[in-house]
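Structural description and commentary
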Amino acid sequence: MKARVKWLDNMSFVGESGSGHSVVMDGAPEFGGRNLGMRPMEMLLLGLGGCSSFDVVLILQKSKQQVVDCEVLMEAERADKDPKVFTRIHLHFVVSGRNLAADKVERAVKLSAEKYCSASIMLGKTAEITHDFEVLEAL
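This one's a predicted model, so the numbers in the text were calculated from it and none came from an experiment.

1. Focus: helix α2 (residues 102-116)
Because each turn of an α-helix spans 3.6 residues, side chains separated by three or four positions in sequence point in the same direction. The end-to-end C-alpha separation of α2 is 20 Å, in line with the 21 Å expected for 15 residues at 1.5 Å each. Of all the positions in α2, only Val105, Ala108, Val109, Ser112 and Ala113 are classed as buried. Where α2 is buried, its residues meet α1 (40-62), β5 (86-98), α3 (118-123) and β6 (128-137).

2. Digging into the nonpolar core
Formed by 20 residues in total, the largest nonpolar core has its most connected members in Leu48, Ile89, Leu91 and Phe93. When contributions to this core are tallied by element, the ones reaching two or more residues are α1, β5, α2 and α3. When sequence neighbours within four positions are dropped, the list of residues in contact with Leu48 reads Ile89, Leu91, Cys117, Ala119, Ser120 and Leu123.

3. Focus: unusual backbone geometry
Asp82 connects to Pro83 through a cis peptide bond whose omega is -5°. The residue Pro83 is located in the loop between β4 (66-78) and β5 in this model. Positive phi, close to 65°, is recorded for Lys64, a residue that is not glycine. As for its position among the elements, Lys64 is in the loop between α1 and β4. Its identity is not glycine, yet Asn99 carries a phi of approximately 55°, on the positive side. Of note, Asn99 is situated in the loop between β5 and α2. Of the residues examined, Asn99 reaches a relative accessible area of 65% and is grouped as exposed.

4. Quick look at the pattern of salt bridges
Applying the stated criterion across every chain, the model contains three salt bridges. The residue Arg34 makes a salt bridge to Asp9 at a minimum N-O spacing of 2.5 Å. With a gap of 25 residues between them, Arg34 in the loop between β3 (22-26) and α1 and Asp9 in strand β1 (residues 3-9) connect regions that are remote in the sequence. Accessibility expressed as a relative area gives 40% for Arg34, which makes it partly exposed. Here Arg88 and Glu77 are joined by a salt bridge, their closest N and O atoms 3.0 Å apart. Taken together, the residues Arg88 in strand β5 and Glu77 in strand β4 connect sequence positions 11 residues apart.

Reading guide: rules and limits
- Residues numbered from 1 in each chain as written.
- Predicted model: local features only at pLDDT ≥ 70, side-chain atom pairs only at ≥ 80, totals over all residues.
- Heavy atoms only, no water.
- Helix = DSSP H or I, 4+ residues; strand = E, 2+ residues; numbered from the N terminus.
- Expected span 1.5 Å × (residues − 1).
- Buried < 20%, exposed > 50% of the residue type's maximum accessible area, 1.4 Å probe, protein only.
- Contact = heavy atoms within 4.5 Å.
- Core = buried A, V, L, I, M, F, W, Y, C linked by side-chain atoms within 4.5 Å.
- Salt bridge = Lys/Arg side-chain N within 4 Å of Asp/Glu carboxyl O.

As structure tokens, then:
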């Protein structure tokens, strides 16, 4: 896997992935940024959410569950002093589908957290990561 980050100006950077996608990152105004993009640590948190959601949906689909939607709401805390690593992250999955089995959703969330999501396992070295979920019946 390869990636590139290039400084634009002030505290703005463009990140380019090896798969050809780009994203703008920027610092907060108090650090010279202009609020033109996400902060790098926000991107890290989004990466965790994307990685774990990918796993949950894939596991449920392989379990023949009729998933219609999956959303993960995350809250994180960071250390007060440098390096300001994540110290606590909570992921709340909201999974919608037709006749979803709650035990299969629970299993998918657990497998992602403990076995498949590289981001979760990596971030779990510095942060306490917790998960919960709710299942909604799709209309």
